[in-house]
Structures are given as structure tokens and as C-alpha cells.
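Tertiary structure, described
Here are the chains, one letter per residue:
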Amino acid sequence: MTGIDKASAALALAVLIASGLVVFDATFATTRARRRDIGIVSALGWRARDIALGLLAPVLAAALAAGTLGALIAYLTHQALGLPSQPVTVLVAIPAAVVVALVAAIGPAIAATRTPPTMSMKPLASTRGARWSPRATGVASLALRSVTSAPGRAVAALLGAATATAVIALIRTVQTQFHNRAVGTVLGDAITVQVQGPDIAAAVLTAILAAIGIHHVAATEAQERRREIGTLLATGWSPGTLSRLLITQALLISVFGAALGAAVVTGITRWVFHADSGGILTACAWGATLTVILSILAATPSAIMAGRAEPISLLRVD
């Protein structure tokens, strides 16, 4: 493989990583939403293996369908562009999709089976980060406290935002400072980056996948804290204020992730390609802005729905 091929492969790997983070978020949200059902069947004598298989089966079925669709699209694209390749090579999309989904979903599935049935019946609450979380004095500080007091649910979404920001910023730096082609000055020709159309599409796709991850976090937050949301609405909070709270949480996660991604790409472009600092900052701003905007748009529907819910329906015991 040439350096250019390796760069394109690295961007494809970034898309797979972002996809895996989305699957992780979705599986995590599903297991949290079904924790009582899992606790009941566990108390009835179901084996942990059977419960895990029940959680993984729909994920793997969706991955199989997605891989098949991806292989079909790849085949049609090859035919339309007249690319020299064997039709069987596009079938790699199927096992790739299944492996990514399995690796991403197996952790939340196993963790769900190890939760004692008695713990599954208790309301969800986390105060592990409350000691060092800021004091809640307004919407912004309350959103920051919610993120820091239960950081586990936001880690995958944060890493997705970091991946998207890093990829977009790297491509933007190569476009603006190296005229679409950069060769590493530290490792020589071992690192060569050339921006092509598919690479730009891969960068945009990582941002979209990061936004989907933020959407899962916002939806999970609204579901798990429905009683708290109902209490806030019942005590006088307006729907707009509550929606702004959830959107602010999504904003903080995306901003933290964008900052991490910007730091990573700054190190790569500064020490490997010797890019100009001003150009790096501009490219990072591009990547962070796109990632944050898409994340806010993805979290807005869940935030609006949570604000418009009736307090009595949120406070009702299941």
C-alpha cells in the first residue's frame, strides 16, 4: 500500500470507530431502558448467557442488514465508476459491520447481565462525581453537574465528537496549507496524506455519527431522569428552560470532545507535518464548529419532547 492508500484507510478506520461508538451508545441506552425487564428475567432464573444473547441478537441482525446494504452500495458504486475490482471484494463490508457491532455492544450487554436483580429495580442515580462537580446555580452549572456526576454515559459520545473534530481538522489543514497533499517531515514518505472526495465524505460522516451518539445520550438522559424532569416541570420550570438544560448538556459533551480532538490533531499536524499554528487553529475551529452544530441539532428533538411532556406522566410509577 502507498502512503496515500494508508491515509484513506485511516479515514475509513475512523468511520468504523465512530460507527462502533454509536452502536455502543445505542446498546447502552437500550440496556438502561430495559434494566427492570432484565432484572425480572434474571430473578426468574434466566442464565446470563441467554440474557446477553437476547440483547445482542437485534444488534447483530441490524449489523448484518447494514453490512449487506453497504456491500450492495459498494458494488453499485464500483459499477458506476468503472473501478477495476472483483465483485466478491465488496462482501468484506458484511463481516466488518458484524465485528464492529459485536465489539461495541458486547460490553454493555455483559454489564447488564451482571447487575443484581435487586439493583435493577432501584431508580437510576449516580453521585460518583458529585463531590467535585460544580455547585448548581443555574442552567449551565446544573448541566455541567449532570455531565460530571455521571460521566460514564457520555464517554462514547465525547470520543465520537473528538474523532470527528480531529478528522475534519486534519483534512482542512491539508487542504489549506498543503494544497491537498502533505508529506511527513519527521518520518519521511512513511506518512503521506492526500485529500480526495471520499476522504471529505468520510470526515462528514464521522461528524454525523458523532451527532447520532449525542442524540442517544440526550434521549437516555431524558428517559433516566424522567422523574426529576417531571418534578422540575411541576415546581415551575418552563418547558423552554428544561429543553435548554438538556441541550446545554449535549453542548458540553460535544465541546469537551471537540477540544480533545483539536488537541490530538494539533499534535499531529504540528510535529509530523510542521503546519503553521494559525492554520491549525483555524482548521480545528472548522472541525469543532461543525461537530458542535450537528450535535446540538441531534439533541434538540429529545430536549423539546422532554420539555413538552406532562409532569403527571413523568412522575407516574411504572
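Attention in this report is confined to the structure presented alongside it.

Conventions used here
- Residues numbered from 1 in each chain as written.
- Predicted model: local features only at pLDDT ≥ 70, side-chain atom pairs only at ≥ 80, totals over all residues.
- Heavy atoms only, no water.
- Helix = DSSP H or I, 4+ residues; strand = E, 2+ residues; numbered from the N terminus.
- Buried < 20%, exposed > 50% of the residue type's maximum accessible area, 1.4 Å probe, protein only.
- Contact = heavy atoms within 4.5 Å.
- Areas by Shrake-Rupley, 256 points an atom, 1.4 Å probe, with all protein chains shown as cover.
- Salt bridge = Lys/Arg side-chain N within 4 Å of Asp/Glu carboxyl O.
- Axes fitted to C-alpha atoms, helices over the stretch in contact; angles between N-to-C directions.
- Parallel < 35°, antiparallel > 145°, perpendicular 65-115°, else oblique.
- Left-handed = near helix turned anticlockwise from the far one by under 90°.
- Nonpolar A, V, L, I, M, F, W, Y, C, P; charged D, E, K, R; others polar.
- Expected span 1.5 Å × (residues − 1).
- Bend = angle between axes of the 7 residues up to and from the residue.
- Phe/Tyr/Trp six-rings, centres within 6.5 Å; stacked < 30°, edge-to-face > 60°.
- Lys NZ or Arg CZ within 6 Å of the ring centre and 35° of its normal.
- Patch = residues over 30% accessible without salt bridge, like charges linked within 9 Å, V, L, I, M, F, W, Y side chains within 5 Å.
- 1 Å grid on protein atoms, 1.4 Å probe; cavity = no way out; pocket = protein on both sides within 12 Å on 5 of 7 lines; lining within 4 Å.
- Points joined across faces, edges and corners; volume = space filled by probe spheres on them.
- Core = buried A, V, L, I, M, F, W, Y, C linked by side-chain atoms within 4.5 Å.

**Comments concerning the overall build of the protein**
In terms of helices and strands, the protein carries 12 helices and 2 strands. Residues counted as buried form 40% of the 318 residues belonging to the protein. Long-range contacts, defined as pairs at least 24 residues apart, comprise 79% of the intrachain contacts of the protein with a sequence gap of at least 6. Per element, the accessible surface of the protein, about 16,600 Å² overall, is 69% carbon and sulfur.

**Regarding the pattern of salt bridges**
In a structure, side chains of opposite charge can pair up when their charged atoms sit close to one another. Going through the model one piece at a time under the given rule, you end up with 1 salt bridge. Of the charged contacts in the structure, one is a salt bridge between Arg47 and Asp50, with a shortest N-O distance of 3.2 Å. On the basis of relative accessible area, Arg47 is assigned to the partly exposed category, the value being 48%. The class for Asp50 is partly exposed, based on a relative accessible area of 30%.

**Here's the deal with the packing of helix H8 (residues 197–224) against helix H10 (residues 239–271)**
One can describe the packing of H8 onto H10 by two numbers: an axis separation of 10 Å at closest approach and a directional angle of 140 degrees. Between H8 and H10, the interaxial angle falls into the category oblique. The element H8 and its partner H10 pack so that their crossing is right-handed. Across the interface between the two elements, Ile214, Val217, Glu221 and Ala222 of H8 pack against Leu246, Gln249, Ala250, Ile253 and Ser254 of H10.

**Some thoughts on the packing of H10 against helix H11 (residues 277–308)**
Remark: H10 packs on H11, axes separated minimally by 7 Å, with the N-to-C direction vectors making an angle of 155 degrees. Relative to H11, H10 is oriented roughly antiparallel. Of the two possible hands of crossing, H10 and H11 adopt the one that is right-handed. When the residues that make up the contact of H10 with H11 are grouped by side-chain class, the tally is 19 nonpolar, 8 polar and 1 charged.

**Side note on H11**
For H11, which comprises 32 residues, the first-to-last C-alpha distance of 46 Å matches the rise-based estimate of 46 Å (1.5 Å per residue) to within 8%. Where H11 bends most, at Thr300, the angle is about 35 degrees, and the proline Pro301 comes one to four residues later.

**Describing the packing of aromatic side chains**
This structure, assessed with the given rule, holds 1 aromatic pair. Here Phe24 and Phe28 contribute two aromatic rings whose centre-to-centre distance is 6.3 Å and whose plane-to-plane angle is 15 degrees, an arrangement assigned as stacked. Highlighted residues: Phe24 and Phe28, both in helix H1 (residues 3–33), separated by 4 residues, approximately one helical turn. Positioned over the ring face of Trp286 is Arg172, at 4.2 Å from the centre of the ring.

**Some points on a nonpolar patch on the surface**
On the surface, Leu69, Leu72, Ile73, Tyr75 and Leu76 cluster together into a nonpolar patch covering about 470 Å² of accessible area. Locating Ile73 in the fold gives a position in helix H3 (residues 48–81). A relative accessible area of 47% places Ile73 in the partly exposed class.

**Thoughts on the layout of surface pockets**
In this model, the largest pocket occupies a volume close to 1,800 Å³. Lining the largest pocket are 43 residues, and of these Val15, Leu16, Gly70, Ala93 and Leu205 sit closest to its centre. Among the elements of the structure, H1, H3, helix H4 (93–113) and H8 are those that each provide at least two residues to the lining of the largest pocket. Considering each element in turn, the lining of the largest pocket owes the most residues, 15 residues, to H3. In terms of residue class, the lining of the largest pocket is built from 31 nonpolar, 10 polar and 2 charged.

**Notes on the nonpolar core**
Residues Leu11, Val167, Ile171, Ala203 and Leu209 are the most contacted members of the largest nonpolar core, which totals 14 residues. Those elements that provide at least two residues to this core are H1, helix H7 (155–178) and H8. For Leu209, the residues in contact, after removing those within four places along its chain, are Val15, Ala18, Ser19 and Val22. Counting residues in each nonpolar core, the second largest holds 12 residues, with Leu233, Leu246, Ala303 and Leu314 among its members.

The values are spatial; any link to function lies outside them.
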